[in-house]
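# Structure assessment
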Amino acid sequence: MTKEAGSRSSAPLGVFDSGLGGLTVVRALRLALPHEDIVYLGDTARVPYGTKGPDTIVKYALACSRHLVGRGVKALVIACNTVSAVAPERLRVDLDLPVLSVIEPGARAAVAATRSGKIGILATAGTVASGAYPRAVSQLSTRAETVGQAAPLLVPLAEEGWLEGEVPRLAVRRYLEPLARARVDVVVLGCTHYPLLRRVIEEEAKVMLGESVRVVDSATATAHDTTAFLEERGLLNTQEARGTVKLLVTDLAASFAASAARFLGEDATDVELVDL
Ligand code: DGL
């Protein structure tokens, strides 16, 4: 390993999202890459991005990325599906470091899982409107086709921690109806927040689409791709200690600690308020 690669490898991995939902990706990254230090930026002052137009999303994404570049990260993981749907090319042009995103890994996992070739995508309105998942799937398979369904109510339900019972179940059922009509055999959780509702989504999908339906999570697939990427580039952190997580947020709400712990799966102790 060159000296330069050695010092780059000990630098943290930068991860960002419109809010705290992207901590589901950090959780998956920490399982796959326990020795990596991670600096996570959640743009909690401006969440949600999923209802905003592409120009605004690109502008916010550039501000988040530049802040993380200023923190000396060795690579950037866009945890937000909505940003991944509209901004990665622009970020790659503007920033002088590797940029990974969640759409291709999610699409690849879906293509690998489908037997019928019919893939359902649950995502924000912005991600569905961008056509990013159908584009990514069509590059991987000429046979597979996608049906997109915006599921906006699942974001506040996950934020609230309302993960079980009648309310999430009814919302999930309603969002799965068009996917059931199209007879998909894979459902992609195309939004940072949906892995928290995985149990309800999986149970309802089985009732509506049959026991063999597969629910695919882009967080796990992204962690897998990030591991392969760091390995290939000789950028894996070789420290023996467990990696640290530093959280940067643009707004610190009273509900922050509970919400962050829900998405991350552990308590967040190192938190800093930043202004972009
Ligand atoms: N992070 C967004 C995504 O994965 C969901 C929340 C938002 O709308 O900003 O698409």
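Our subject in this report is the structure included herewith.

## Brief notes about the overall build of the chain
Helix and strand content of the chain: 13 helices and 10 strands. A globule of 276 residues ought to have a C-alpha radius of gyration of about 19 Å, and the chain, at 18 Å, matches this closely. Counting only residues that meet the buried cut, the chain has 54% of its 276 residues in that class. One way to put it: in the chain the 30 positive side-chain charges average out to a point 4 Å from where the 32 negative ones average out.

## Some points on the site of the ligand
Every one of the 13 residues lining the ligand counts as a neighbour, but D17, S18, Y49, G50 and T82 are closest to it. D17 is positioned such that a nitrogen or oxygen atom in its side chain is 2.8 Å from a nitrogen atom of the ligand. Note that an oxygen atom of the ligand is positioned 2.6 Å from one of the side-chain N or O atoms of S18. Contact with the protein chains covers 99% of the free accessible surface of the ligand, which is 300 Å². Looking at the shell around the ligand residue by residue, the class counts come to five nonpolar, seven polar and one charged.

## Here we look at the sheet that holds strand β5 (residues 118-123)
Overall, parallel pairing links the four strands, which are arranged β6-β5-β7-β8 in an open sheet. With one partner strand each, in any of the chains shown, β6 (145-150) and β8 (214-217) form the two edges of the open sheet. Within the sheet, the average angular offset between the axes of one strand and its neighbour, ignoring direction, is 25 degrees. Summarising the sheet, strand β7 (residues 186-190) and β8 pair through four bridges and their orientation is parallel. The partner of V188 across the bridge, within β8, is V216. Its contacts with the sheet place helix α12 (residues 218-232) against β7 and β8, and it is angled at close to 50 degrees to β8.

## Some thoughts on the sheet that holds strand β9 (residues 245-249)
Read across the sheet, six strands follow the order β4-β3-β1-β2-β9-β10 without closing on themselves; strand pairing throughout is parallel. Both outer strands of the open sheet, β4 (99-101) and β10 (271-273), are each paired with one neighbouring strand and no more. Each strand axis lies, on average, 20 degrees off the axis of its neighbour in the sheet, ignoring direction.

## Some details on helix α13 (residues 256-264)
Residues F256, S259, A260, A261, F263 and L264 constitute the buried set of α13. Looking at the buried residues of α13, the elements they touch are α2 (23-32), α9 (154-160), β9 and β10. In the stretch just after α13, G265 is the one whose phi turns positive, near 80 degrees.

## With respect to the packing of α2 against α13
Contact geometry for α2 and α13: axes closest at 7 Å, N-to-C directions at 45 degrees. Judged on the interaxial angle alone, α13 and α2 are oblique. Where α2 abuts α13, its residues L23, T24, V26 and R27 lie against A260, R262, F263 and L264. Counted by class, the contact of α2 with α13 contains five nonpolar, one polar and two charged residues.

## Examining the nonpolar core
Judged by nonpolar contacts, the single largest core of 53 residues is most densely connected at L23, L122, L154, V187 and Y194. Aside from chain neighbours lying at most four places away, what touches L154 is A171, V172, Y175, Y194, L197 and I201.

## Let's talk about the packing of helix α6 (residues 103-113) against α12
Where α6 meets α12, the axes come as close as 8 Å, and the angle between the chain directions of the two elements is 110 degrees. Taken together, the axis directions place α6 and α12 in an arrangement best described as roughly perpendicular. On α12, the residues touching P105, G106, R108 and A109 of α6 are S218, A221, T222 and D225. Here the residues of the contact of α6 with α12 sort into three nonpolar, three polar and two charged.

## A closer look at the packing of aromatic side chains
On inspection of all chains with the given rule, the structure shows one aromatic pair. Ring geometry for Y49 versus Y60: centroids 5.4 Å apart, planes at 45 degrees, classification tilted. Pair noted here: Y49 is in the loop between β2 (38-42) and α3 (54-70) and Y60 is in helix α3, with a separation of 11 residues, a long-range link. Under the relative-accessibility criterion, Y49 is labelled buried at 1%. Residue classification places Y60 among the buried residues on the basis of a relative accessible area of 15%. Taking NZ or CZ as reference, R46 lies 4.1 Å from the ring centre of Y60, over its face.

Cut-offs used in this document
All residue numbers here refer to positions counted from 1 along the written sequence of the relevant chain. Only residues with pLDDT of 70 or above have their local features reported here, since the model is predicted, and side-chain atom pairs are shown and tallied only from 80 upward, although totals for entire chains, interfaces and linings are computed over all residues. Heavy atoms throughout the structure, all of them, feed into the side-chain values; hydrogens and water do not. For the purposes of this entry, the term helix denotes a DSSP run of H or I that reaches at least four residues, the term strand denotes a run of E that reaches at least two, and both are numbered from the N terminus. The reference for a compact globule is 2.2 Å times residues^0.38; the radius of gyration itself is calculated from the C-alpha atoms. Here's how the labels work: a residue is buried when its accessible area is under 20% of the maximum for its type, exposed when over 50%, partly exposed in between, all with a 1.4 Å probe on protein chains only. Positive: Lys, Arg. Negative: Asp, Glu. His and the chain ends are not part of the count. Taken as the charge location is NZ of Lys, CZ of Arg, CG of Asp or CD of Glu. Summary of the distance rule: residues count as near a molecule or strand when at least one heavy atom falls within 4 Å of that molecule or strand. Under this definition, polar contacts are N or O atom pairs within 3.5 Å; protein pairs additionally need one hydrogen-donor-capable and one acceptor-capable atom, and for neighbouring residues in sequence, both atoms have to be side-chain atoms. Note on areas: Shrake-Rupley, 1.4 Å probe, and residue coverage restricted to the protein chains presented here. For this classification, the nonpolar set comprises Ala, Val, Leu, Ile, Met, Phe, Trp, Tyr, Cys and Pro, the charged set comprises Asp, Glu, Lys and Arg, and every other residue, Gly included, is treated as polar. Paired strands, as defined in this entry, are two strands with at least two bridges between them according to DSSP. Orientation is described by lines fitted to C-alpha atoms, with helices fitted over the stretch in contact, and by angles between N-to-C directions that extend from 0 to 180 degrees. Whether two residues are in contact is decided by their heavy atoms: any pair within 4.5 Å suffices. Each angle receives one of four descriptions, namely roughly parallel if under 35 degrees, roughly antiparallel if over 145, roughly perpendicular if within 65 to 115, and oblique otherwise. Working definition of a nonpolar core: buried Ala, Val, Leu, Ile, Met, Phe, Trp, Tyr and Cys residues. They are joined through side-chain atoms within 4.5 Å. Working definition: rings of Phe, Tyr and Trp (its six-membered ring) pair if their centres are within 6.5 Å, and the pair is stacked with planes under 30 degrees apart, edge-to-face with planes over 60 apart, and tilted otherwise. Throughout this description, the term charge over a ring refers to an Arg CZ or Lys NZ atom that lies within 6 Å of the ring centre and within 35 degrees of the ring normal.

That's the geometry; what it means functionally is another story.
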